[in-house]
Amino acid sequence: GLRMDERGAVLPDASRARDEATTLLRRPAQADGHATRRAGQGREFEALKDYQPGMGRRMIDWKRSARHGKLLAREFRVEENNNIVLAIDSGRLMCEPVDGVPKVDRAVTAALLSAFIALKGGDLVSLFSFDARPRVTSGAVRGSASFSMIQKRAAEIDYSSDETNFTLALTTLAAKFDRRSLVIIFTDFVDPISAELMLCTAGRLTERHLVLFMMMKDVELESLADMPPASPEDVARAVTAGGLLRERQVVIGRLRLLGAHVIEADHHRLGPALVERYLEFKQENLL
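Conventions used here
- Residues numbered from 1 in each chain as written.
- Predicted model: local features only at pLDDT ≥ 70, side-chain atom pairs only at ≥ 80, totals over all residues.
- Heavy atoms only, no water.
- Salt bridge = Lys/Arg side-chain N within 4 Å of Asp/Glu carboxyl O.
- Buried < 20%, exposed > 50% of the residue type's maximum accessible area, 1.4 Å probe, protein only.
- Helix = DSSP H or I, 4+ residues; strand = E, 2+ residues; numbered from the N terminus.
- Pairing = 2+ DSSP bridges.
- Axes fitted to C-alpha atoms, helices over the stretch in contact; angles between N-to-C directions.
- Contact = heavy atoms within 4.5 Å.
- Polar contact = N/O pair within 3.5 Å; in protein donor to acceptor, adjacent residues only side chain to side chain.
- Arc of directions from axis to C-beta.
- pLDDT = per-residue confidence, 0-100.
- Phe/Tyr/Trp six-rings, centres within 6.5 Å; stacked < 30°, edge-to-face > 60°.

Caption draft 1: Highlighting the pattern of salt bridges. Applying the stated criterion across every chain, the model contains 13 salt bridges. A salt bridge links Arg135 to Asp131; the nearest nitrogen and oxygen atoms lie 2.9 Å apart. When its relative accessible area of 36% is taken as the criterion, Arg135 is described as partly exposed. Its salt-bridge partner being Asp188, residue Arg248 comes within 3.0 Å of it at the nearest N-O pair. A residue pair is termed long-range when its members are at least 10 positions apart, and Arg248 in helix H8 (residues 232–257) and Asp188 in the loop between strand E8 (181–186) and helix H6 (196–206) qualify at 60 residues. Among the residues examined, Arg248 registers a relative accessible area of 3% and is labelled buried. Taking relative accessible area as the criterion, Asp188 reaches 7% and is therefore assigned buried.

Caption draft 2: Examining the sheet that holds strand E10 (residues 261–265) more closely. As summarised here, the arrangement of the 6 strands in space is E7-E6-E3-E8-E9-E10, forming an open sheet in which the pairing is mixed. At either margin of the open sheet sits one strand with a lone partner, and together these are strand E7 (134–137) and E10. Here the strands of the sheet are splayed against their neighbours by 20° on average, with no regard to which way each runs. Pairing geometry for strand E9 (residues 210–216) and E10, over 5 bridges, is parallel. Looking at E10, one finds that Met216 is bridged to Ala265. Sheet strands touched by helix H5 (residues 166–176): strand E3 (83–89), strand E6 (124–130), E7 and E8. Its angle to E6, the strand with the most contacts, is close to 155°. Its contacts with the sheet place helix H9 (residues 270–283) against E3, E8, E9 and E10, and it is angled at close to 160° to E9.

Caption draft 3: Representation of the pairing of E6 in the model. Counting buried positions along E6 gives 7 out of 7 residues, so the element sits mostly inside the fold. Burial along E6 is two-sided: the face carrying Leu124, Ser126, Phe128 and Phe130 and the face carrying Val125, Leu127 and Ser129 are both buried. Bridge count between E3 and E6: 7 bridges; the pairing is parallel. Bridge pairing in E6 places Ile84 opposite Val125. Both E6 and E7 contribute to a ladder of 2 bridges, which runs antiparallel. Looking at E7, one finds that Phe128 is bridged to Thr137. Hairpin connection, E6 to E7: the antiparallel pair is bridged by 3 residues.

Caption draft 4: Expanded view of the side chain of Asp123. Looking at the secondary structure, you find Asp123 in the loop between helix H3 (103–120) and E6. For Asp123, the side chain forms a polar contact with the main-chain nitrogen of Asn81, separated by 3.1 Å.

Caption draft 5: Focus on helix H4 (residues 147–154). Looking at H4, one finds that the buried residues are Phe147, Ile150, Gln151 and Ala154. Seen from one end, H4 has its buried residues packed into an arc of 100°, which puts them on one side.

Caption draft 6: Highlighting the confidence of the model for the protein chain. When pLDDT is averaged along the protein chain, the result is 84; 82% of the residues meet or exceed 70. Every residue in residues 2–10 is under pLDDT 50, and counting partners more than four places away or in other chains gives 20 contacts. Across residues 29–44, where pLDDT falls below 50, the model places 40 contacts with residues more than four positions away in sequence or in other chains.

Caption draft 7: Representation of unusual backbone geometry in the model. Unusually for a residue other than glycine, Asp99 sits at a positive phi of about 55°. Considering the arrangement of structural elements, one finds Asp99 in the loop between strand E4 (97–98) and strand E5 (101–102).

Caption draft 8: Inspection of the packing of aromatic side chains at higher detail. By the definition in use, this model includes 3 aromatic pairs. Look at Phe116 and Phe147: their rings are 5.2 Å apart centre to centre, the planes differ by 85°, and that puts the pair in the edge-to-face class. Taken as a pair, Phe116 in helix H3 and Phe147 in helix H4 lie far apart in primary sequence, 31 residues in all. Between Phe130 and Phe166, the ring centres sit 5.9 Å apart and the planes meet at 65°, which makes this aromatic pair edge-to-face. Of this pair, Phe130 sits in strand E6 while Phe166 sits in helix H5, placing them 36 residues apart in sequence. What makes Phe166 buried here is its relative accessible area of 10%. A network of ring pairs unites the aromatic residues Phe128, Phe130 and Phe166 as a single cluster.

Caption draft 9: Structural detail: the environment of Gly271. As for its placement among the helices and strands, Gly271 is situated in helix H9. Overall, Gly271 belongs to the buried group, its relative accessible area being 8%. The spacing of Gly271 and Val108 is 163 residues in sequence and 9.3 Å in space, taken between C-alpha atoms. Setting aside anything within four residues of it in sequence, one finds Gly271 in contact with Ala110 and Leu113.

What follows is the structure in structure tokens.
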């Protein structure tokens, strides 16, 4: 297959990731006045404040609330030093284009954006890619200065015509981490039967880790399913496309039942959607 360095134009330059990251990071800071100190079920006790609806009952300090005659909530500082794993499937399905660009390239762009933000936020980041077998593996790194190393490893991710072996990839990945991690898997699948092994392995992964599946909406299938039928062929195409989209939703539903989180985003919203969810996880201290 093509080497990724031949498709350098597709790889995002660091400055674009930085610009997007700065915009995204600014949002939560404006929302509550201080970026790093957000309410959540964190591990580091910080202060008491009046309980606000939507905070979650676990945050109520019942003893002190009784003493003061009003509901008080514990405020925590968001813990840094979480383990973030970016796992990119570069198998056959991910090498198909969405809107003219291979899905794997779009996944790399989104992964780099979130890596930039996670490193800036004090978390550990590692990159992993796989097709029929594990391919690129970076060690876990921290600090903004490590971003260029993650970028270099991302440039080694190659196109593949092989089917993805989820069992091998995800068990290899799980063996590398002895502590709870946020495992972000960029992948694609067609139907519940071909996704069966992936579902089994994902179920084992969610027992220990916080798992997030990142998928791109299938624009082609969606437009076929919505096309006004002008001929019997159009009807047949729309029915087939609708069936495939429903099968995909069955797999997504099963992943959620296994305890995984799933984001199905428009291809151009993949990076921002991932970063928003990552910041929510940190805010709610799910890591």
